[in-house]
Amino acid sequence: MGIPCGDDVVLIQMGKMPDEPSVITVNCPDKAGLGCDLSRIILEFGLRITKGDFSKDGRWCYVVLWVVPHDSSLKADWESLKTRLLSVCPSYLFSYYFNQQSTHPSPSPVYLLKIWCLDQTGSLHDVTKVLCKLELTIQRVKVMPTPDGKVLDLLFITDGMELLETKKRRDDVREHLMAVLGNNFITSELQLAGPEYKQLEGFSSLPPAVAEELFSCKLSNGDISVLQALCPDMSTAEKATITVDNSLSPFHTLLQVRCVDQKGLVYDIMRTSKDFDIQTTYGRISSSVKGFRNIDLFIQQNGKKILDPDSQTALCSRLKDEMLHPLRVIIANRGPDIELLVANPVESSGNGRPRVFYDITFTLKALGVCIFSAEIVRHSTSDRQWEVYRFLLKERHEFPLASDQARIQIVDKVRKTLMGWPMAITFIGLVGKLVGSAT
C-alpha cells in the first residue's frame with residue numbers, strides 16, 4: 001500500500017443539500033483505540049454518525065463515516081474538524097518506516113479561565129456555547145455565586161487548536177465572551193492552571209445513598225413496560241440484542257449489535273471496545289431504520305477470537321449497559337438544596353464524554369431553571385471511573401423545585417437531550433422512580 005500525502009489522510013466531502021450527510025474518509029496507519037478517538041471528536045463537533053464502514057489489517061486502516069449535525073442549526077467548522085481528526089491519526093511516515101503501531105501525544109496544557117459576570121438564568125450555557133464554538137473543552141468547572149448578585153466561573157479548559165498561548169487567541173476568547181454576555185460581563189482572566197487544578201483533579205466523595213442511586217440505576221423490566229405504555233414507538237426497546245458468533249470466520253469473532261438509536265451510540269461502542277482491548281478488523285454501521293441501528297463488527301482480543309464464555313458475557317453485559325443507560329441522571333436533596341447529578345463513564349485514557357455540560361446547561365436554560373452553583377468531578381466505583389456533573393438548582397416562583405412534577409420534568413428533559421431522543425418520548429415511570437428514591 002502506498003503512503004498517502006497529508007491531505008489524503010482525512011478527506012471530508014460535504015453534502016450538497018442541507019439534509020444530505022457529509023462523508024468523512026480516514027486513511028492512515030492503525031493504532032489501538034483509533035475508532036474511539038475519531039468518534040469522540042465527531043461527537044464533540046455536534047455531529048451524528050448515520051452509517052459507516054471501516055477495515056483494518058493490523059498496520060493500516062480505512063474508515064468511511066457519514067455524518068449529519070445533531071441540530072439542524074449547527075454549522076460545523078469542517079476545516080477545524082479535519083485538523084482535529086488528523087491530530088489523532090498516527091504519523092504515517094513514522095509508522096511506515098519504524099512499524100510503530102500507536103502514538104502517545106503529550107496531553108494538552110490546562111488553562112484556567114476566570115469569568116466575573118452578573119448572575120442571570122442561562123448565562124452558564126451562553127459561556128459553554130462560546131467555548132464549544134471556539135473548540136475549548138471544559139475539563140473541570142466551579143461556579144460560585146456572590147451575595148451581591150454576581151457570579152465567578154472558574155473553568156479549567158484545554159484548547160483543541162493548541163493556540164491559547166498566543167495573545168490573538170486569548171483576545172478572541174475574551175471578545176466572544178463579552179459579545180455573548182453583553183452588559184452582564186464584568187471581566188475575565190486566562191492563565192495556565194496552577195496547583196488548584198490538581199486539587200480539583202482528585203476524586204469527589206458523594207454521599208453513599210446518592211452514589212448508590214446514581215451508579216446502580218438500570219432499566220428494569222418494569223421500567224421497560226412503562227416505556228412501552230407511554231410510547232408505542234419504543235415498544236420494541238426490550239428487543240435490543242447483542243450476539244457473538246464464532247462460526248463465520250476462522251480468525252475473528254462476529255459481534256452484532258441491534259439497539260435503539262441514540263446520541264453518541266457509535267462512540268459508546270468504540271469506547272467500550274477500547275476499554276476491553278478489542279481490535280476491530282472490519283465493521284459496518286447501518287443506517288437507522290425505525291429508530292433502530294444495526295452494527296456488525298469482526299473483532300479480536302489479544303489477536304485472537306473471543307472463545308472464553310466469561311469474556312463474551314463480560315463484553316456483552318457492558319455493551320448492553322451502554323446501550324440502555326450510558327448516562328445516569330437523578331435529582332437528590334443536598335441539605336436544604338436541590339441537586340441535579342449527571343454521570344457518564346470515563347475512557348481508560350482519562351477522556352470524558354463530549355458535550356455533556358453543554359447539553360445539561362442548554363436544557364436547564366430552556367426550562368428556565370436557575371443554577372446556583374456547578375462543578376465537574378470524578379468518582380471511582382469498584383469497576384470504573386465516572387465523570388460527575390453536579391448542579392445546585394435555585395428555587396424560583398415560576399418553577400418550584402419542591403414539586404415532584406417539576407423534578408420529573410427536569411430529569412426527563414435532561415436525559416432526552418443527552419440521549420438525543422425526541423421530546424415526544426416520555427419516561428415518566430423511570431424518572432418518577434429516580435426522583436422518588438433520591439428524595
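Analysis parameters
- Note that residues are indexed from 1 along each chain, following the sequence as it is written.
- Note on the predicted model: pLDDT of at least 70 is required for a residue's local features to be given, and 80 or more for side-chain atom pairs to be given and counted; whole-chain, interface and lining totals, by contrast, use all residues.
- The basis for every side-chain value is the complete set of heavy atoms in the structure, and neither hydrogens nor water enter the calculation.
- UniProt positions are given in the numbering used here, feature names are shortened, and annotations may be inferred rather than shown by experiment.
- Secondary structure elements are defined from DSSP: runs of H or I of at least 4 residues count as helices, runs of E of at least 2 residues count as strands, and each element is numbered from the N terminus.
- Burial status follows relative accessibility: with a 1.4 Å probe on protein chains alone, a residue under 20% of its type maximum counts as buried, one over 50% as exposed, and anything between as partly exposed.
- Throughout, a contact is declared for two residues whenever any of their heavy atoms are within 4.5 Å.
- Where accessible areas are quoted, they stem from the Shrake-Rupley method and a 1.4 Å probe; at the residue level, only the protein chains shown are allowed to cover.
- By the convention used here, strands pair only if DSSP detects at least 2 bridges between them.
- Between N-to-C directions, angles cover 0 to 180 degrees, with each direction set by a line fitted to C-alpha atoms, over the stretch in contact for helices.
- Salt bridge criterion: a side-chain nitrogen from Lys or Arg within 4 Å of a carboxyl oxygen from Asp or Glu.
- Pairing of aromatic rings covers Phe, Tyr and Trp, the last counted by its six-membered ring, and requires centre-to-centre distances within 6.5 Å; plane angles under 30 degrees mean stacked, over 60 mean edge-to-face, and any other angle means tilted.

An unreviewed UniProt entry lists the chain under the name ACT domain-containing protein ACR, with Carya illinoinensis as the source organism. Annotation of the chain in UniProt includes, under Function (unreviewed entry), the sentence "Binds amino acids."

K.L.:
Go over the overall build of the chain, please, and point to the residues and values.
P.N.:
Helix and strand counts for the chain stand at 14 helices and 16 strands. Each of the 439 residues in the chain was classed as buried or not, and the buried ones make up 51%. Partitioning the intrachain contacts of the chain with sequence separation of at least 6 by distance along the chain shows that 70% fall at a separation of at least 24. If you sum the accessible surface of the chain, you get close to 20200 Å²; carbon and sulfur atoms cover 54% of it.

K.L.:
Could you give an account of the sheet that holds strand β15 (residues 370-380), with specific residues and numbers?
P.N.:
Taken together, the 8 strands give an open sheet; going across it, the order is β8-β5-β7-β6-β15-β16-β14-β13, and neighbouring strands pair in antiparallel fashion. Whereas interior strands pair on both sides, the edge strands pair on one side only; in this sheet they are β8 (185-192) and β13 (328-334). Here the average twist between neighbouring strands, direction ignored, is 25°. Across 7 bridges, strand β5 (residues 111-118) lies against β8 in antiparallel orientation. If you follow tyrosine 111 over to β8, its bridge partner there is leucine 192. Contacts between helix α6 (residues 167-181) and the sheet are confined to β5, β6 (136-145), β7 (150-159) and β8, with β8 contributing the most and set at about 155° to the helix.

K.L.:
Any chance you could break down unusual backbone geometry for me, citing the residues and the numbers?
P.N.:
Positioned with a positive phi, glutamate 135 is a non-glycine residue whose angle comes to about 60°. If you trace the backbone, glutamate 135 turns up in the loop between α5 (123-133) and β6. The backbone of asparagine 302 shows a phi angle near 55°, a positive value even though the residue is not glycine. Along the chain, asparagine 302 turns up in the loop between β12 (292-301) and α11 (309-324).

K.L.:
Which residues make up the side chain of aspartate 359, and what values go with them?
P.N.:
Tracing the chain through its elements places aspartate 359 in helix α12 (residues 356-367). Ignoring any residue separated from it by four or fewer positions in sequence, one finds aspartate 359 in contact with Lys263, Thr417 and Leu418.

K.L.:
Talk me through the pairing of β15; I want residue IDs and the actual numbers.
P.N.:
With 9 of 11 residues buried, β15 is to be regarded as a mostly interior element. With 2 bridges joining them, β6 and β15 adopt antiparallel strand pairing. Opposite lysine 142, over in β15, you have glutamate 375 as the bridge partner. Pairing between β15 and strand β16 (residues 385-394): 10 bridges, direction antiparallel. Each residue of the ladder has a partner; that of serine 380, found in β16, is glutamine 385.

K.L.:
Before we move on, can you summarise helix α10 (residues 265-275) with the specific residues and values?
P.N.:
Among the 11 residues that make up α10, 9 are buried, leaving the element largely enclosed by the rest of the structure. Of the residues flanking the end of α10, it is aspartate 277, one or two places downstream, whose phi is positive at about 55°.

K.L.:
So what's going on with the environment of arginine 355? Residues and values would help.
P.N.:
For arginine 355, the position within the fold is in the loop between β14 (337-345) and α12. Other than its neighbours up to four places away in sequence, arginine 355 contacts Leu43, Glu44, Phe45, Gly46, Leu74 and Cys132.

K.L.:
Any details on the pattern of salt bridges? Residues and values, ideally.
P.N.:
Within the structure shown, the criterion is met by 28 salt bridges. The residue aspartate 148 makes a salt bridge to lysine 150 at a minimum N-O spacing of 3.2 Å. For glutamate 339, the salt bridge identified is with arginine 390, shortest N-O distance 2.7 Å. Of the two residues, glutamate 339 is situated in strand β14 and arginine 390 in strand β16; the sequence distance between them amounts to 51 residues. For the pair formed by glutamate 339 and arginine 390, the shared burial category is buried.

K.L.:
How would you summarise the packing of aromatic side chains if you had to cite specific residues and measurements?
P.N.:
In this structure the tally under the stated criterion is 4 aromatic pairs. Judged by centre distance (6.3 Å) and plane angle (35°), the rings of phenylalanine 357 and tyrosine 389 are tilted. Of the two residues, phenylalanine 357 sits in helix α12 while tyrosine 389 sits in strand β16, which places them 32 residues apart along the sequence. Here the two residues phenylalanine 357 and tyrosine 389 agree in accessibility, since each one is buried. Residues phenylalanine 357 and phenylalanine 391 carry aromatic rings whose centres are separated by 5.6 Å and whose planes lie at 25° to one another, so their mutual orientation is stacked. A residue pair is termed long-range when its members are at least 10 positions apart, and phenylalanine 357 in helix α12 and phenylalanine 391 in strand β16 qualify at 34 residues.

K.L.:
Residues and numbers for α5, please.
P.N.:
α5 sits mainly inside the fold: 8 of its 11 residues count as buried. Restricting attention to buried positions, one finds in α5 the residues Ser123, Leu124, His125, Asp126, Val127, Thr128, Val130 and Leu131. Taken from the residues just after α5, glutamate 135 is the one with a positive phi, measuring 60°.

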